[in-house]
Structures are given as C-alpha cells and as structure tokens.
Amino acid sequence: MKLYCLSGHPTLPCNVLKFKSTTIMLDCGLDMTSTLNFLPLPLVQSPRLSNLPGWSLKDGSVFLDKELKECSGHVFVDSVPEFCLPETELIDLSTVDVILISNYHCMMALPYITEHTGFTGTVYATEPTVQIGRLLMEELVNFIERVPKAQSASLWKNKDVQRLLPSPLKDAVEVTTWRRCYTMQEVNSALSKIQLVGYSQKIELFGAVQVTPLSSGYALGSSNWIIQSHYEKVSYVSGSSLLTTHPQPMDQASLKNSDVLLLTGLTQIPTANPDGMVGEFCSNLALTVRNGGNVLVPCYPSGVIYDLLECLYQYIDSAGLSSIPFYFISPVANSSLEFSQIFAEWLCHNKQSKVYLPEPPFPHAELIQTNKLKHYPSIHGDFSNDFRQPCVVFTGHPSLRCGDVVHFMELWGKSSLNTVIFTEPDFSYLEALAPYQPLAMKCVYCPIDTRLNFIQVSKLLKEVQPLHVVCPEQYTQPPPAQSHRMDLMIDCQPPAMSYRRAEVLALPFKRRYEKIEIMPEPPPRPTQPTSSKKRKRVSEDVPDCKVLKPLLSGSIPVEQFVQTLEKHGFSDIKVEDTAKGHIVLLQEAETLIQLEEDSTHIICDNDETLRVRLRDLVLKFLQKF
Amino acid sequence: MGPEKRRGLWWCEAKALWGGACGCVERSLRRGGAWVGVEKRNPPRPEADPGKCRGASVLIMDPECSRLLPALCAVLADPRQPVADDTCLEKLLDWFKTVTETESSLQLLQDHPCLVELLSHVLKPQDVSPRVLSFALRLAGAFAAQEDCFQYLQQGDLLLGLFGEAGALGWSAWSIPSVRSGWIQGLCALAHHPSALHFLADSGAVDTVFSLQGDPSLFVASAASQLLVYILALSMQGRDAGSPIPEVAAWPVCAQKIVSHVQESLHSTAAPQVTQALNVLTTTFGRCRSPWMEVLWGQLSPLVASLLKRDPIPAAHSLVDLLLSVARLGSWDAAGWRGWESPVLSSAACGPWEILAQTLHRLSPTQAGPLALGTLKLQRCPQELRTQAFGILLQPLACILKATAQAPGPPGKSYHLASGLLDGTAGGSMTVDTLLSSKSACVGLLCQTLAHLEELQTLPQCPSPWPQEPLLDAAVIILRLCDGSADPSSSGAGRLCGTLAGCIRVQRAALDFLGTLSQGMSPQESMLQVFAILLKNLESPESSPTVLKKAFQATLRWLQSSVKTSGCSDLSPDALLFLGELFPVLQKRLCSPCWEVRDSALEFLTHLSQHWGGQADFREELQSSEVPMLACQLLQDPESYVRASAVAATGQLFSRGLQATPTSSENLQAQQGLLMDLMYILSTDSEGFPRRAVLQVFTQWLRDGHADVARDTEWFVTTVLQAVSRDLDWEVRVQGLELVQVFLTQTLGRFRPRCPYAVTLPEATSPTPHPEFLRTLCRLPLFEFVFRALFDCDRPVAQKACDLLLFLRDETAPSSGPQETRDGPNSASVEVALQRWQEGEQGQPLGDLEPEAMLALLRSLDLEGLQGKLAKSSDHIEKSPQSLLQDMLATVGMLEENEADCY
C-alpha cells in the first residue's frame, strides 16, 4: 500500500492511495497562496496600481519592469494570478480510478486533474460539497475573467532570472508548474464527473474495496472517508470539527479500528480559539461602525460567513447596530445564502429541527427580510444605488488579489476610521495587505478556523485508536514561529509517519489475509476486450491475455551501484541515508534514485533516455524469474 | 457565570396593629459573582433569628403537651400507624433535648410513664418501624445523659436492652443505616458521665463502634469515629487537675481499649484502617485541650513516625491533618499546659516538630503543600521548620523560574530569581520532570501553590522577608506560559509552555495571586512588567470571561498599589501610561458579544471612576476615550445584569462629572437626560437588577447632594416614590425606603441645624419639629409610601418601614403617650384607610394628611410592638411543641381516615 503525496499544503491536501489494485485520489486541493505574489486585479481602474513603478535589478537592468512592479518595498508580478497545482509528475494521474472529495475547499484543483491528465475515473462527493464547490469555482473564475489582463508574465519564472529576484519571489517553488485559473467550461466538465453520495453510503470499487463518506462536522456536506477491504481499514480524516457550528456533527465512532488513519486538514491557527475570535470580530466591528467607519470582511462566499451572520444577528441589536447595513457581495451571494437554507439534512440537529416548524435554519433569512443584510452579485448595478455608509461589507476574495474586495481596499484604505477584519485563515494577512501599503485603515486579524486543534486530535486518537497515523510533516513538529510549543504537534504512539510534497510513502501496513471466492466453473472469457477501465481490470485477471513481465528480486548494494554509475560516466554522485534506505543524487543530471527496501524510484526531469539507462543499471543488480 | 437562583419563602405576619394577617410568597432572583469585597446589590434579607422565637415559655413541657404525649407515644409504638414524615421525629427529638436541658429527665420520665413504655416497647423491635427505632435510641440516649436518669433506666435494664450486645445488634433492623446511626447517636448523647463510661466498657458497645468505623454508610462510619473521640475525651475529664497524668496503661478501660485499637490500626497495612485511626486522632487532638494529650502523643508518635517509612505513605491527607492538629495543640498553653516545648517532648525522638519536618520531606509536593501552609500558619513553630515549609511552598515556582531561565550562556535574571526564591530553604530539588509528570498534576499543584501563597501573604504569620520580586516574576512567567507568549529556550520550559498554554484554571489562580502581590512593595521594573502582562490578558481575544474578570480585579489592585508607591493620591506616571493603553481595551470589551465580559468591564469602570474620578489626568484619559459613551449605550443592553452594571457605572461617571459630552450646556442636558433615562429604567425595566441599581444610584446622588437632585429634591423624591410604590421587587421597595430615610435625615438636618460645639440646655435639644419640615413631609406622597410598606407582604420591607416610622416618631413626637393621642387632632379617616390596607384593600388612597394628624397617627401606633412581632420568624407559632404534637397526631388521624375509606 502506497501513498503518493501531491500537495505540500496540509489543509489543501491531494494524495493518491494505492490500495488493493485500486488507485484512489484523496482530495484535490488547490494552493492559492501563490496568488499573493501577484498584483491585485482592480475591478475599477486604479491609478495607484497602474502607476506602480517597474522593478529593476540592482545592476539597473530593466528588462523585467513590465512583468514586475514595486510597491512599498515589495515586488509583485503584474499578470493574471496563477495557482500552484498538485504534483502531476509523481504518478500517472490517468491511472487514478476514483477521486474522493472531503469538502468544498478541497476540490478547487479538480478541473486541472480531470481535464488535463487523461483522468477517466469517477469523482465522489456529497451534494452540498458539489454545489458549494461549484459556487466557489464560479466565483473564482468570475473574479479573474471579469478583469482581463492583456499581458502574461513568464520571463521572471526563468530559473536564472528568479534567482535574482527579491524574496518571496526568489523562494517561490515550482513556479514553472503554476497555472492560470480554469474556465467555466472546464469547471462544468469536471463537475459532471462527480457522482453524489450520502453519509454512510457504501460504495464498492471494483469489488476490491469499499469507500464510505462520514460526516466530519466542518462544513456543509464535509466528509471523512473510510476505505476498507475485508481485512483492512484506512480512515481518511480531512477538515473535521468538533465544535458546534452549523454542519452535522462529526462521526467519530466509525473511525475506530483503523489500520491507518491519514490525518489532514487540522486548524491552521492552533493558538486561536474560534469563540474568542468571533468576540474579537464583533467588538472591532461595533467599535468601527460606532465611530462612523466602514468594516470590510474579505471572505469566501460560504462557510464561516454563515456562522458570522448568525452571530451578528444576535449581536447587532444588543450593540445598537440595527440601523447599520450589512452587504454581502459575490457573484454567487444569492445562491450561497439560498443553498445554505435548503440542505437541511446536512445541518446540525438544532437547525434541522427548525425546518419542521417550518422556519429557515439560518437566521440570515430574517436579516435579509428585514433589509439588514443585502446581497449583490457585484459592486456594479444595484449596489451602487443602495450603498450607504457606514456599513459592513462581506466580499471576496480573501487573498485580496481579485474580486470586489480589491475595490473596497482601494476605496477605504486611506481612512483610519475604516477597518478590514480578516476571518479566513488561508492567507497571511500581512502578505495579503502588502500591495495596498501604505494603508491608513485599521487591520484586525481574527482568523476563525473551526477545524480540529491538537488537543482535540489527541483526544480523537485516544478514542479511535488507529494502529498507525500518517500526516503532513508540518503536524509532526511545532510551528516554526513557535518552536517551543510542543503541544502544537501530533503526539501519538507509535509516532505519526509524516509525508511532504512529492514523496511516496509505503504505508506501514502488511496485508495478511485476502478473501477469495473459488467458483466451481472458470469465469467466462470476455469476448471483446475494450479500453475501458473496468474491462482493463478484467483483462488483468486473465493471465493468458498478456505477456507476463518477469518478476524481479534481490537488493541493490549502494556502494557497488555507485561504482557502476561512475563506470558509466556519471560523476558528482552524492549518497544520502534515509530512514528507509538511500537516495543517490546525480547532481549534474539533476536526478534522484531512491533506493528503498521494497522499491526503487528514478526521478529525473523529462529525460527518458537517461531514465532507461539508469533503470538498466539498476536491473543489473536484480535477478529475474 | 450564570444567574444563581435564590428562592425565599417569606411569610409575614403583620397583624401587629389591629389584628388580621397578610402574607404572600415572594421569589427573587439574584446573581452571584459580585466584586470581591464590594457588595453591589442589595444585601440579602435578614434571616430570622431562631433563638428569638425559641423562648423557654414555648418549649417547656406544658399541660397541653403532657396531655398530648401519651397519645403520641401510643401512635409511635403502633406499627400500624406509620409516621409519615421523618422531620416530625427530628423536631420532636429536638424538643425533648431542649426540655431536658432545663428540666430533670428523671422527673420527666416519672411524670410521663408513656415515654418509658415507648422505650420498652422498642425492645421488641419487630413491632416498630426503623424510623421510630432510630428515634427511640436517640431519645433514650438524650434522657440517659443525666446520671440519675441513666441509673433509673439502668434499673430496668432498658439501656442494656437497647445498646448492649443483646440489644440493637441482634435486631433485623440493624441492617438499616438509620438505625445504626441512631444507635451511635444515642450512645454519643449518653456518654456524659462516669457511669456511662462503665456502661460502655461493660456492654461491649466500644467493640461494636470499632467495627462500625468501616461501615458502608459514610454517615455511620463518621459518627462511629466521632463517638470514639467523644469517649476518649470523656475518659480524660474529671481528673484532679493537680494530680499527675497517669500512663496510658492506667487510663480508664474504655480509653485503653480505644488507644490500643488505634495502635493496632496504625500497624495495619490496610490504608482505610490507618485512615480511620488517623482521623480519630486528628479529631481528638483538635478537640481535647488536656495535658493527657501529651501522654497520648508520646505513646503514639513512634507509630505515626513509622508510617513515614512506608512507601507509599498511607493516608497522606489524614496524616497531614493529624500533624497539623497536634502542632496546633502545641501552640496552646495558656491554660497552664507547657506546650510542645516541654522537656519531655523536646528530648523525645518523635517530637511533633521532627515528625513534621520528616513528613514535609517525604510527601509529594502536592501532598506537602497543605502541610507546609498549615505549618506556616502555626502561632508558634521553630524557625527552621518554617523555612523548610516555605521552601516546599516555593518549590514549584522556583522550578518554573529555573526552567524558564536562559539555558545557554551566563545565568539570566530568572535563574537568579529562582535561586533567590529558594535561598536558605531546603528542598529546592524539584525538577520540571516532576512538575510535568502529568498535565492535571502540574495544573493542580500550581493552582494549589498559588492559592496557598496568596493566603499566606495576607496572614500575620507571613514569612519575612517575603520574596516579593521572584514571586512577582514567577506569577508573570506563569501567565506568559499560559497565554503562549513566553519564549523559553530550554526543552523543559517548552514542555511547560505546552502544558500550561490556554489553561484557564492556572491563569485565574495566577491573576489572583498577582493581585495579592500588589500589597507588597515592588520595584518599578516589576510594575511595568505586571502592567504589561495585565494588559495582554485584558486585550487577548483568548481570555475567557472568568480570566478577564480576574484580570480586571488584579488591575484595579495594582493601580491602587501604584498610588501607594507614588506616595500621593495621584496615579503614578507608569499607571497613567498604562491607563492610556487600557481605555481602548476597555472600549473593545464594552462591545463584546459576551455579556459577562461587558458586565465585568462596566464593573471595572465603576471602580476606576470611584477611585480616580477626581484626578485630572485620569479624567482626561477617560474623557478622550469613547468609554463613557459606550457605558451609556449599555443602559439599553438586552442582558439585565449588564443594564444594572451600566446604571451603576453611568451613575458613578455622572456623579463625578465624567459624562461623554464636553460642553457645559450639553453637559446639563446630558445629565438631565441620564436622570430621565434612569427614571425610565426604574419605571419600565422588566428585570429587578437594573431597577435596584437605579435606586442605589439615586440614593447615592441624594446622599451626595448631587446638583440634579438638589435642584428639585421634592419632585425627585415624589417621582421616584411613585415608581417604587408600584414595584413588585421587594428589594427595590426596601431601597426606596432607604432613599426616604436619606431624604428625611437631610430635610430634618436642614430645618434643625445642629452645631456640635454649641452649648444647649437639655430642653433646647428636645425635638420640636419645624412646621415646614412637617408640611414638606405631608406635601409629598411619603407617608402613603411608608405606610403601604408597613403592610407589605414582604417582611423586610415592613421592618424597614417600621424602623423608619420609629425614627420619624422619635424625631417628631417622642414624648406623647396614648392619653395625648386621644386628645389630639382627628386622624380617624387615615386610621380607617390604614385598617383597610391591612385587610388587603390597598386601592384606597390615604387622603390628605395634615401635619398634626400625622403626628397623632405616629403617636397612636404601637410601633415597638409591631417591630417586635416583625422581628420574629414567620413560623414562630407553628414551631411550638403543641403544634408539632398536634400535627403528628393529625397526620396519623388522616392516615386512619384514609384506611377507613379503603374498607
């Protein structure tokens, strides 16, 4: 059983699990922090942004000044924002059989995978995940497409050029793989491959394994997944919450007796308690508005915003803010507010019971009815007629690089009466604010992340007692900024196995039993094998349909192997010991050979000839039979 | 911090004046969590003094009771007539005990043979219910407490039948805990004279008591231990004070038995037995003030000391209690005893101080903490031991200071402080590993240590020199560890940080301790450090409401301390700088969605302005912030507690002239606005707390002669009383009477100025009410309000009104008598109205009252008599023994009737 780790972002995971001849992709998260390196896309022409000076090298070279702009000591790429995709080279993604989605934030890379990798499988997700995921994608596409950018910067990505750039551009990784946003057509096509599932529904994959989504308590329709065969059980925990918010509570009991528990999507702000942050949010909002200032809340169109509106619903009367207008601006604002009210079966018990009264489960319906909350698709149109200050505006995108929020930052940034309150934890607020400097408006950071914290994880692991825990490497050590906080890491026995981007992990898992059924008659042979996935499997089951590959055995002695490599003209060879074997680094060729007990990988950059040469050298040490 | 429900059942008997009665049930809600040492709400209503209604006249055995008693005994002895209510039997027993306190038990039994019959009947327990059995055992004990009665009962072997080996132990009802408990309590009551000691020894009861120490019922087990202590104490009584104290071997048999049982138990390997023995000894040494104790300790101390050699030490908590009990005994020698400094003990190997020192050394830090605190609280104790005990208490904090010290390079400040903390103290060996053995242990130990040190600092026995600076440093570091802001370099400190991060319990304890540390003198550097950590706790979104409350309290104490430090009443420059940063935080807290936080912030604001409202710098800082405006807005808060606190805060701010509006004309308007706002709250708020708070503010304003109130006091009082008279909350009405009292005192003072230095003749000082004063009183609806209050269904209101009328009468018409009343002006119409009010017809107005009629009315009322009756508990009549006996008989009668109905 192997785990291919395609994403380095612990809360936006993308992993591939090979289990019993099935290839299952677990989530499809898109790391959007790369957009922070780009200039914002202003909805209304911004003289300030368009007049930013071009950046020049220390030696005075100005060949990059069209692509890079300087703002208050920071350098930004003046181009359409691009995203860092999951690793596509580590494994042939066309072999992925199914993709399991755990929540709407973890499916944003789906169009890149389903539309550009030869993927022919099925995607499984719950209905709210799909619907709200669609809204998020639609909003993103809309934000980017409505501000067309004439130029596309690529010169800066050149390795030699990038080396000369200031941080953080200099340190940005894999910039060549960064991609522009997908189109609505790609979104629709990707979403059409999704098959809807319900909690606890058992889905058979080729008769080999069974997958089941469980409520994870984090967002509407968010799920953890159980992947099990007759004798093995793998639990995939992603973005779960034990707090009482709007979704159905987390199903912990079903995670018991797992052989492996893959744990991702913990809170990004483990030191911040969501309750305290909501309090901080409300207090700062009230103080600003009372002083005649406006409040800007950069946010996603779904998720925490529902809880914030509910909290404000209770708070505004007590704080004397009843007359203050609340605006929610997003191309999908209307759909988001309406969707939230119709997914009753996915809500927590309290909200479900309201439906039978009948009452809308979320109180934002009443805010809308009483005109306290108004929603608009964009700042253009009706909004400009209704707009009244002081007010509170909820709008995207939380990266402050696209969407209506860019306009409000430009509009309100100059006055210290106004406040921008960051509630989404996905982006560093200081980096998000960098292209708006100097900024007079107040900034308040109240990240609200309801996902599991380390204390809750510790309790969860004690409760469900998995044999092994696998998690991103970030969770196995304290956060770099708080290296002494030994409580901010996963503490379990045996210690958790960690993974990082582009790593292949052999899961500590021995399959001892297999259930087979022996039929008295041999199965009928397929008459017309086709190229479909399922047929392919059938053909694999029939040994005489294809030529058998020889089996290999033996181990590779590292020293002799290095000598062989040297004999074959490879120089500058470096050997590193790892926990599981060795890594032979061919520095000149920029190639890695991972030698492990039960596998050997050759990782080289698009040089098939080199790979075949190296493979043959490896094969020399092994016996065939 | 939720509302605490308090229900009161107050039956008022106000039939004092012309007969008749009224009563009602009033329930009120009160909130807990007022500021420490500051009572912000109305005081709770006075409880009735049970002593006052327990006069001997109602508790003696009167003929009526004697008449009822045989019937009652017959009922009790009749198993077919079960007693429905246990409490009746308890009341009956209480009554008998009271009777036997003043009368001869023997006489009582002889006069009422039914009682002996009842006790004899119990000897056939199959015919008696367990309740009556338990009652009878206790009753027999109560009678036998007098030696002659004991002899009388012994003659018929009644006592042996009840308490002997052949008695209760053989009954099937013995398996019922209440019977066993009754048996023990009976013996306990009986053990009052030497004859009882012989009886206990001969009857074998002591052995039974030993076995009952391990009874499954905790009440029985505890009572058994108490009985042993009691018997031991009795054995030591009555000896000739001058005679030498005999060795244990020569003590009475009972005492010998008990001592040897305790010795055996101390030898036991079973922890419960050791605990039982230690508990008996603890109570004995705690209760008995006898030189015999010294002998007893001499006998048992080696065994106690031997417990320390076991691993683990059994019954450590009980051992701590015992040692402290023994040590406290040592400090008592005023009655002639020599104390522990006696040559015998000081030379003994197992003197109490040595054992204390050994125990402190051997126990775990958590177990040793209470012992160390107890040792330090002793009046007299060797200095060496005090040093050791203080060292134990300081250990956890020293350990934290050491762990958080800079590891590499030269030792940092914290390290020096840690060594300073343990300078000259033993046992600084605690490591972070010990401290961190488990999170709960670490948190528990820290909370305990902080609480102990906090307690210690306020005591006269507080160790000197007190390590103020290291302790301050430790408290600050603990708070930093809790909020995650500490940046420790060592791994131990990192683990500490991980363990304590976000721990609310420790935060609260540390803030309390920090607040207490404000009493000591601190260097400026430390004060800055304290202000910084307080500010951090106040502004952190992670601070829970309870932590915030503690932080506010500690802040107030430190601000007060900064005044002390600066030597004048003004705030120090550091404190002023701190205030500059504090007000924005307070602003934010006043906008919190959490009502507890808003409430704490308002209370804090009230205290701040109370202390420093007159100081120019403070006023400037406060007025430049939005705090006063926000406080005003919170008068409309949806939470009633917050509204109440906002009323108090704005009242305080306005009385100090600290309102939000700056200019003088607006000022006046705003102030008038607040007066009207508060009047509006008083007449319309649905909850009692804000209304009570308004009246407190108004009373204070009236007392202070606040400009607004002084402008037209009569209008003010009239308006307030109109609102209060309709109020359903008795506390509001009491507070209204308080306001009336203040008004009366002020008005009286205005019309009759008194100069303390003036030489006046006696007749000149006799009160001759100023006609204008009386006219003023009659002009206002004051009398109507007070008289209505006199017939209030809530007793405290009536009491207060009565006191007020007495005050008024004494000030206006003290010398008049009933004769004069008849000759005085006609107040008949008013009396008629009052009569009707008392009968419940409150609708009729009192009508116009002339000053003379008012004086006549005051003279005619028997206010003293009314005051006496109001002071009595409302159930004083129902508490009489006749009533009890009648009730019990009636209940049985009822049961009989029901039975008859069934057939």
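Residues numbered from 1 in each chain as written. Chains lettered and ligands numbered in written order. Predicted model: local features only at pLDDT ≥ 70, side-chain atom pairs only at ≥ 80, totals over all residues. Heavy atoms only, no water.

Moving on, we come to the overall build of chain A. Of regular secondary structure, chain A possesses 17 helices and 28 strands. Taken along the three principal axes of its C-alpha coordinates, chain A extends 80 × 70 × 55 Å. Relative to its full complement of 625 residues, chain A shows a buried share of 54%. Carbon and sulfur atoms make up 51% of the accessible area of chain A, which amounts to about 27900 Å² in all. Considering chain A, the positive charge centre built from 55 side chains and the negative charge centre built from 67 side chains are found 2 Å apart. (Helix = DSSP H or I, 4+ residues; strand = E, 2+ residues; numbered from the N terminus. Buried < 20%, exposed > 50% of the residue type's maximum accessible area, 1.4 Å probe, protein only. Areas by Shrake-Rupley, 256 points an atom, 1.4 Å probe, with all protein chains shown as cover. Lys, Arg positive; Asp, Glu negative; His and termini not counted. Charge placed at Lys NZ, Arg CZ, Asp CG, Glu CD.)

Time to look at the interface of chain A and chain B. Where the parts come together, the accessible area they lose is often given as the size of the interface. The interface of chain A with chain B comprises 21 residues on the first partner and 22 residues on the second. Each partner contributes to the roughly 1800 Å² buried at the junction of chain A and chain B, and carbon and sulfur atoms together form 56% of this total. The largest per-residue losses of area from chain A upon contact with chain B belong to Leu287, Arg290 and His484 of chain A, which jointly make up 34% of the total buried on that side. Counting across the chain A and chain B interface gives 1 salt bridge. Among the salt bridges present, the one from Lys588 of chain B reaches Glu280 of chain A, with a minimum N-O distance of 2.6 Å. When residues of the side of chain A that touches chain B are traced back to their parent elements, those giving at least two are helix H6 (274-290) and helix H7 (304-318) of chain A. In terms of residue count, H6 of chain A provides more of the side of chain A that touches chain B than any other element does, 11 residues in total. Class assignment for the residues of the side of chain A that touches chain B results in 8 nonpolar, 9 polar and 4 charged. (Contact = heavy atoms within 4.5 Å. Buried area = accessible area lost by both parts, 1.4 Å probe. Salt bridge = Lys/Arg side-chain N within 4 Å of Asp/Glu carboxyl O. Nonpolar A, V, L, I, M, F, W, Y, C, P; charged D, E, K, R; others polar.)

Turning our eyes to something else, we now look at the side chain of Ser378 of chain A. Residues and elements named next belong to chain A. Tracing the backbone through its elements, the reader meets Ser378 in the loop between strand E16 (373-376) and helix H11 (382-386). For Ser378, a relative accessible area of 11% gives the class buried. Reaching out from Ser378, the side chain makes a polar contact with the backbone nitrogen of His380 at a distance of 2.9 Å. When sequence neighbours within four positions are dropped, the list of residues in contact with Ser378 reads Arg146, Ile329, Phe383 and Asp404. (Polar contact = N/O pair within 3.5 Å; in protein donor to acceptor, adjacent residues only side chain to side chain.)

Quick look at the sheet that holds strand E24 (residues 573-577) of chain A now. Residues and elements named next belong to chain A. Overall, antiparallel pairing links the 4 strands, which are arranged E24-E25-E26-E27 in an open sheet. Each of the sheet's edge strands pairs with one partner strand only, and the pair in question is E24 and strand E27 (600-603). Along the sheet, successive strands turn relative to each other by an average axial angle of 15°, direction set aside. Here strand E25 (residues 581-586) pairs with strand E26 (residues 591-596) via 6 bridges, running antiparallel. In the strand pairing of E26, Leu585 is matched with Leu592. (Pairing = 2+ DSSP bridges. Axes fitted to C-alpha atoms, helices over the stretch in contact; angles between N-to-C directions.)

Here we come to the state of the cysteines. Scanning all chains against the criterion turns up 0 disulfides over all chains. For Cys471 of chain A, which is in no disulfide, the shortest distance to another cysteine sulfur is to Cys492 of chain A and amounts to 7.3 Å. Note on Cys482 of chain B: no disulfide assigned, nearest cysteine sulfur contributed by Cys503 of chain B at a separation of 5.9 Å. Residue Cys482 of chain B is classed as buried on the basis of its relative accessible area, which comes to 3%. (Disulfide = S-S within 2.5 Å.)

Residues and elements named next belong to chain A. Looking along the chain, the bond that leaves Ser167 and enters Pro168 is cis, with omega of 0°. Assignment of secondary structure puts Pro168 in the loop between helix H4 (159-162) and helix H5 (184-191). Between Gly396 and His397 the backbone carries a cis peptide bond, its omega angle lying at 5°. Secondary-structure assignment places His397 in the loop between strand E17 (392-395) and helix H12 (405-412). Phi is positive for Ser200, which is not a glycine, with a value near 70°. Tracing the backbone through its elements, the reader meets Ser200 in the loop between strand E8 (194-197) and strand E9 (203-205). Although it is not a glycine, Gln465 adopts a positive phi angle of roughly 45°. Structurally, Gln465 can be placed in the loop between helix H14 (454-464) and strand E20 (468-472). Judged by its relative accessible area of 58%, Gln465 falls in the exposed class.

Once that is clear, we can look at the environment of Ser241 of chain A. Residue and element names in this part refer to chain A. Structurally, Ser241 can be placed in the loop between strand E12 (233-238) and strand E13 (260-264). Taking C-alpha positions, Ser241 is 25 Å from Ser335, a pair spaced 94 residues apart along the chain. Apart from residues lying up to four places away in sequence, Ser241 is in contact with Ser216, Gly217, Tyr218, Met250, Thr450, Arg451 and Leu452. Only 3.2 Å separates the side chain of Ser241 from the backbone nitrogen of Leu243, close enough to count as a polar contact. A distance of 2.7 Å separates a polar atom in the side chain of Ser241 from the backbone oxygen of Thr450.

The subject of this paragraph is the confidence of the model for chain B. All names here are of chain B. Residues of chain B with pLDDT of at least 70 account for 76%, and the chain-wide mean is 79. Taking the mean pLDDT of every element in chain B, the minimum, 32, falls on strand E2 (residues 27-31) and the maximum, 96, on helix H26 (residues 504-517). Here residues 760-766 scores under 50 on pLDDT; set against residues more than four positions off or in separate chains, the count is 1 contact. In this model residues 816-823 is a low-confidence stretch, pLDDT under 50, and it forms 6 contacts with partners more than four residues away in sequence or in other chains. The ipTM for the predicted assembly is 0.73, set against a pTM of 0.78. (pLDDT = per-residue confidence, 0-100.)

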